[in-house]
Every structure is written in C-alpha cells, then in structure tokens.
Amino acid sequence: MDQYAIWGGNPLVGEVEIGGAKNTALPILAAALMTDDTVIIDNLPDIRDINVLLDAMKNIGVVVERRGRHQVKINASQIFTTAIEGNGIRKMRASYYFLGALLGKYKSASVGLPGGCEIGTRAIDQHIKGFRALGAKVRLEHGIIITEAIDLTSAHIFLDVVSVGATINLMMAAVLAEGQTVIENVAKEPHVVDVANFLNSMGANIKGAGTDVIRIRGVKSLHGSEYTVIPDQIEAGTFMMAAAITKGDVTVKNIIPKHLECISAKLKEIGCEVQESDDAVRVFCSKCLKGTQVKTMPYPGFPTDMQPQISVTLGLSAGATSIVRESIFENRFRYLEELTKMGAKATIEGNVAILEGVEKYDGASISATDLRAGAALVLAALAAEGFSTVDHIHYIERGYEDFPEKLMSLGGHIRRVTNAEELKKARLKVV
Ligand code: UD1
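Residues numbered from 1 in each chain as written. Predicted model: local features only at pLDDT ≥ 70, side-chain atom pairs only at ≥ 80, totals over all residues. Heavy atoms only, no water.

**Student:** I tried to follow the nonpolar core on my own but got confused; where do I start?
**Tutor:** Core analysis: the largest hydrophobic core is formed by 78 residues, its most contacted members being Leu29, Ile41, Met57, Phe98 and Leu199. The greatest single-element share of this core, amounting to seven residues, is contributed by helix α6 (residues 164-174). In this structure isoleucine 41 touches Ile28, Leu29, His70, Gln71, Val72, Ile74, Phe198, Tyr227 and Val229, once residues within four positions along its chain are discounted. (Core = buried A, V, L, I, M, F, W, Y, C linked by side-chain atoms within 4.5 Å. Buried < 20%, exposed > 50% of the residue type's maximum accessible area, 1.4 Å probe, protein only. Helix = DSSP H or I, 4+ residues; strand = E, 2+ residues; numbered from the N terminus. Contact = heavy atoms within 4.5 Å.)

Structure below.
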C-alpha cells in the first residue's frame, strides 16, 4: 500500500536542487556499451528506471560499479550476449535504446517490445525503418524485436514523425556505420544534443544535433569517456509548477534556464513572476492565476511531459477557462478523472482538455495514472485544502529522485507511507 499522504494548502517556499535528466541518462548508459573502454557517467539520477537499466546491463556481462549515489563506472568489454531480457526492463520504454547501441557495436540486438507509461500507442516504426535503412534486418518474434546486420552502411533517413527515441536510436546505430548518414526531421530536445555530445566525447563524429538534420560520419571505434548528464528539464519544470500551484516561491537550482524557456513563458502568461539567473530559476506567485491555452509540441515547444503539471495548475485559475491540446500522445488525460475527485472542472474532447478554473481543490484519495501525471496529482494535493492520499506511486518513483523529501524541504506536508499505522499517523499529523 505504498502511498503519499499529503496535507495540502500551504505555499511551497525555498530552494531545490535538480538532478540529472532521466531521459538523457537512459540513452547515455546504453551508448556506454559501444566501447570496450571504461566510461564514467556523473549526475546520474538515483531513480527506478536508471537502476532497472543498470541491472539489465549487468545481466549481459557489463561491469557496473556505483561510485556514490550519482556516479557510475561502466565497462562493457565482457558482454556475452546481445539479448536483453528480464521483466523490469520490458516494462520500460527506454529499453529500445539497447537496440541502437548493441546493433551499432555488435551488429545484433534483441529486446522485448518496449513498455513504459500508458499514454498512447507509442509506435517504434521509425526506429525500425531507420535500422533497415542502415542495412539491418529487423523482425518481431513472440514479442521480441530482433535486429541483426552483416554490416551497417550509411543512409539518408527522413523521419515521418519527430521522435526523440528514434532520433537517438538511429544516431547510436549510425556512429560506427561506414560512410556519412544523414537523418532529417529529427527531434531537437536537449536529450538529443546531450547524447550526441556524449557520443562525440567517445570519438564519434556527429554534427547538427539540436537542428532538424543530423549528420553522422562513421568512425572505426569509440573510446572511453567521463561525462556529466545535463539537468532534468522536466523535474525542474515540475518544481516550477509546484511554486505556481501552491502560490509559493521556489528557486530551482542546478538547471539550464534555456531548456525551460517555454515553461517560464507559460508561467509568466498565467501571472507568475519568473527570474532567471545562470543556473537557477525563481518562480513566485501571489496573485490569482490566469487561464491560457497550451499545445504540446516537440522541443522547443511546450513538452508533453509537462502537460499534466500545467493542467493541474490551470485548473486553479478561478473563473477562467483554459484549453490544453495534447498533440504528441493520444491518451494523456487519464489523470483528469482523478483531478475531478478533488473538485476540478475538466472536460475532454479528443486530444483537448477544457479546464474551467475553480477556487480550490479539496483533498481526496487519488491514484497516479502514469509518471508525470502522478507528479502532477501530488502537486494538486499539495495545493488542495485538506488531506489526500496518492497511490500507485511506483510510477512517480520511476522518474523523480527523493520527490517527497524535496517537497518537504520546501515546506510541503507529504509523507511516504507503507502501512495503515503510518497512514493514520500522517493523517493525524503526528509524524
Ligand atoms: C520520449 C520520452 C518521453 C517523452 C517523449 C516526447 C524517454 C524514455 N521517453 O518518449 O518521456 O514524453 O519522448 O518528448 O525518453 N512515434 C511514432 N513512431 C516511432 C516513434 C514515435 O509514431 O517510431 C510517435 C509516438 O507515438 C509519439 C511521437 O512520435 O506520438 C513522439 O514520440 P517519441 O518522441 O518517440 O517519444 P518516446 O521516445 O516514446
């Protein structure tokens, strides 16, 4: 019965340090398998998805040495299979990064069809199309994607949809392929740039990451590297939204403000103050929130991974109507049913949510429906009047390190409880 028990209603105030980016660290760890040399990765978030990925690496013979909570030393020279197995890893979307990394280095890989949050169809046709263009054969057998090649050769690939996963996977598959590969209509997310930088630090020759076209000149081999993962744009955005929704004053530290511009802009639009410095952003908000329109878009647009957090915030723009259009995933409003239990007024029409802002939310027993929605519901509970419980918190723990502890340090009354006695104490505020 692991849950968060939350007494809401007070503003969150203070400073919070942001960790390394989950969606960057995952492909970087997979890419670390592409050299026989030792690789050291720093600023790794200590979260479930990362630990599951590291376990899957150990299972194929990779030597993984944790050096403190946020650093890992990896040596993949003794890999004995390119088949990634195990229940935990099959539940993760990012398992597909082993395909690009292992295909690129060993010319063969097999991974179970990727899982991940249930937010839509989440096809991988663009990954497969790209692998085939590079000369690999790809087939699906009993839910396992198997890909192999005699040799990978350069290709000119045009992605039909802008996909973070396909862009990174194809970049990894192409770095050791002969000749120059060009990938067009690629994703421009900070994670894409960071993975390209990491691969280049290992000796790859990738140009154009962060633009619409990536050019990769194949090299013979990659060497070891020491690399620090960029800060997590979505964790930072979540805490910025925590300031807005609780009418608090939060300084989010150890971030790259450029990556947060679209979030800062929306917060200003709805009446919050946002002050940026070199590696921090302060968000404070004392006035009534205004309504607005949001449409999720690939970077530099408003991220789909921040859609639930801004929606729960807009639900409190009393008297105003907000329109939130989800254009990346088709099933990303399931949490609104939970939010209505707290008094939100939300209707869904296809991929659009219409939020009629209310004065306040009331505490309720709610369930996280996926990772980001779970975090958003926690924010709603922190803003709500009264006591809430949030269950299915395993989703949240996949992607946020020390989430309750960080919120507590800002004055949030949130406890992780594991049994009825702890829940009772949290309800009575005796802990
Ligand atoms: C990654 C992130 C996820 C984030 C998303 C968009 C990881 C582990 N997950 O997911 O948190 O929400 O980027 O920023 O990094 N698509 C296809 N065919 C493909 C690939 C994608 O049709 O082969 C579609 C998807 O269904 C979706 C859109 O393209 O509609 C974007 O998906 P993509 O950018 O690939 O997201 P993920 O890599 O799954």
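**Student:** What's the story with the sheet that holds strand β23 (residues 386-391) in this structure? I'm lost.
**Tutor:** Note: strands within a sheet are paired through backbone hydrogen bonds, in either parallel or antiparallel orientation. One open sheet accounts for four strands, arranged β22-β23-β1-β24; its pairing is mixed. The sheet terminates laterally at β22 (365-367) and β24 (413-417), the two strands that pair on one side only. Adjacent strand axes in the sheet meet at a mean angle of 20°, parallel and antiparallel pairs treated alike. Pairing between β22 and β23: three bridges, direction parallel. Note that in β23 the partner of isoleucine 366 across the bridge is valine 390. The strands touched by helix α12 (residues 371-383) within the sheet are β1 (3-8), β22, β23 and β24, with β1 carrying the most contacts at an inclination of about 35°. On top of the sheet, helix α15 (residues 420-427) reaches β1, β23 and β24; it is set at about 10° to β1, its chief contact. (Pairing = 2+ DSSP bridges. Axes fitted to C-alpha atoms, helices over the stretch in contact; angles between N-to-C directions.)

**Student:** Where do I start with the pairing of strand β17 (residues 280-284) in this structure?
**Tutor:** Consecutive side chains of a regular strand alternate in pointing toward one face of the sheet and then the other. The sheet contact formed by strand β15 (residues 249-253) and β17 spans five bridges and is antiparallel. Bridge assignment links aspartate 249 to a residue of β17, and that residue is phenylalanine 284. Across four bridges, strand β16 (residues 273-276) lies against β17 in antiparallel orientation. Opposite glutamate 273, over in β17, you have phenylalanine 284 as the bridge partner.

**Student:** Looking at this model, I keep getting lost on the packing of aromatic side chains. Mind explaining?
**Tutor:** One pair of aromatic rings is described through two measures. These are the centre distance and the angle between the planes. Within the structure shown, the criterion is met by five aromatic pairs. With 5.8 Å between their ring centres and 70° between their planes, phenylalanine 239 and phenylalanine 403 make a pair best called edge-to-face. A residue pair is termed long-range when its members are at least 10 positions apart, and phenylalanine 239 in helix α8 (residues 233-245) and phenylalanine 403 in helix α14 (residues 403-409) qualify at 164 residues. The burial state of phenylalanine 239 is the same as that of phenylalanine 403; both residues are buried. Their ring planes at 35° and their centres at 4.7 Å tell us that tyrosine 400 and phenylalanine 403 sit as a pair that is tilted. Each member of the pair tyrosine 400 and phenylalanine 403 is classed as buried. (Phe/Tyr/Trp six-rings, centres within 6.5 Å; stacked < 30°, edge-to-face > 60°.)

**Student:** How do you make sense of the packing of helix α10 (residues 307-314) against α12 when you look at a structure like this?
**Tutor:** The description of two packed helices rests on the angle between their axes and on the distance between the axes. The geometry of α10 relative to α12 is characterised by a closest axis approach of 8 Å and an angle of 25° between their N-to-C directions. Here α10 lies roughly parallel to α12, going by the angle between them. Considering how the two elements wind past one another, α10 and α12 form a crossing that is right-handed. Packed against α10, whose contacting residues are Pro308, Gln309 and Val312, the element α12 presents Arg372, Ala373, Ala376, Leu379 and Ala380 at the interface. Residues belonging to the contact of α10 with α12 are distributed by class as follows: six nonpolar, one polar and one charged. (Parallel < 35°, antiparallel > 145°, perpendicular 65-115°, else oblique. Left-handed = near helix turned anticlockwise from the far one by under 90°. Nonpolar A, V, L, I, M, F, W, Y, C, P; charged D, E, K, R; others polar.)

**Student:** It is not clear to me how unusual backbone geometry should be interpreted in this structure. Could you clarify?
**Tutor:** In terms of backbone geometry, most residues other than glycine have negative phi values and most peptide bonds are trans. For the peptide bond that leads from tyrosine 299 to proline 300, omega is 10°, which places it in the cis range. Structurally, proline 300 can be placed in the loop between β18 (293-295) and α10. Positive phi is not limited to glycine here, since lysine 107 has a value of about 65°. As for its position among the elements, lysine 107 is in the loop between α4 (97-106) and β7 (108-112). The phi torsion at lysine 247 lies on the positive side, around 55°, for a residue other than glycine. Looking at the element boundaries, lysine 247 is found in the loop between α8 and β15. According to the relative accessible area criterion, lysine 247 is partly exposed, its value standing at 35%.

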